[in-house]
Amino acid sequence: MAPRPAVRIARTSDVRAIRALIEPLAAARVLVSKDAVAYYEGLQQFVVVDGPDGELAGCGALHVLWDDLAEVRTLAVADAHRGTGVGAELLAELVRRARELGVTRVFCLTFEEQFFLRHGFRVIEGTPVTQDVYAELLRSYDEGVAEFLDLDRVKPNTLGNTRMLLELAPSADAWGAADE
């Protein structure tokens, strides 16, 4: 049995490889294209997996949207590593981080519906926040938040993707007590 891919925190030296992995997917309108500065600004949200030869096998990011909601963003696996568990390990780490932050719901916009269904996500309609939170999120300058809100100005980037949500069950905290 092959060892599980090791997920690590992304470093500044990974940004070029992350962009190289994402750009063909952005050109195909599967992921949203970002300027280099956006990757550096959001680097602390990223985790990566290295391939056996040191190349980038995959990446993913977790972006907190509100007190109970985060979004999985920019989850991508290099073609040579698809089907090897890289995507599953990245997603598991992002969900673990969401729990650690106190998030109870994880959202994604995706064309990979079957992958996310296998990991407990369900398809949803609309934006899973109250009107008050929606109004607060409208103040964000983040393009990903605009996508989440389904604003018209980002429609060309999200044509045909599926809105999905994972509701996290309470987990044991560091002291062994269930979250309340």
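Before reading further, recall that the structure is shown in the block above.
Think of each chain on its own: its residues are numbered from 1, step by step along the sequence as written. Predicted model: local features are reported for residues with pLDDT of at least 70 only, side-chain atom pairs are reported and counted for 80 or more only, and whole-chain, interface and lining totals are derived from all residues. In computing side-chain properties, one takes all heavy atoms of the structure into account and sets aside hydrogens as well as water.

1. Concerning helix α3 (residues 86-101)
At step 1: For α3, with 16 residues, the first-to-last C-alpha span of 23 Å sits near the 22 Å given by 1.5 Å per residue.
At step 2: Only protein chains enter the accessibility calculation, which uses a 1.4 Å probe; a residue whose area is less than 20% of its type maximum is buried, one above 50% is exposed, and one in between is partly exposed. For helices the rule is a DSSP run of H or I covering at least 4 residues; for strands it is a run of E covering at least 2, with both sets numbered from the N terminus onward. For α3, the complete set of buried residues consists of Val 86, Gly 87, Glu 89, Leu 90, Leu 91, Glu 93, Leu 94, Val 95, Arg 97 and Ala 98.
At step 3: The first or second residue beyond α3 is Gly 102, which carries a positive phi of 95°. By definition here, a helix of n residues has an expected span of 1.5 Å times n minus one.

2. Focus on helix α1 (residues 15-27)
At step 1: An ideal rise of 1.5 Å per residue puts 18 Å on 13 residues; α1 measures up with 18 Å between its terminal C-alpha atoms.
At step 2: Remark: the principal bend of α1, roughly 25°, maps to Leu 21, with a proline, Pro 24, within the next four residues.
At step 3: Those residues of α1 that fall on the buried side of the exposure criterion are Val 15, Ile 18, Leu 21, Ile 22 and Ala 26.
At step 4: Contact definition: two residues touch when any of their heavy atoms are within 4.5 Å. In this fold, the buried residues of α1 make contact with α2 (36-41), β2 (46-50), β3 (56-66) and β4 (69-77).
At step 5: Positive phi appears at Arg 29, one or two residues downstream of α1, with a value of about 65°. Bend, in this description, refers to the angle at a residue between axes fitted to the seven residues ending there and the seven starting there.

3. Quick look at the pairing of β2
At step 1: Most of β2 is tucked away, with 4 of its 5 residues classed as buried.
At step 2: Examined bridge by bridge, strand β1 (residues 7-9) and β2 share 3 bridges and lie antiparallel to one another. Considered in β2, the bridge of Ile 9 is made with Val 47.
At step 3: Pairs of strands are assigned from DSSP output, requiring at least two bridges between the strands. As paired strands, β2 and β3 are joined by 5 bridges and run antiparallel to one another. From the neighbouring strand, Asp 50 faces β3, where its bridge partner is Leu 56.
At step 4: In this antiparallel pair of consecutive strands, β2 and β3, the connection spans 5 residues, and Gly 54 shows a positive phi of 85°.

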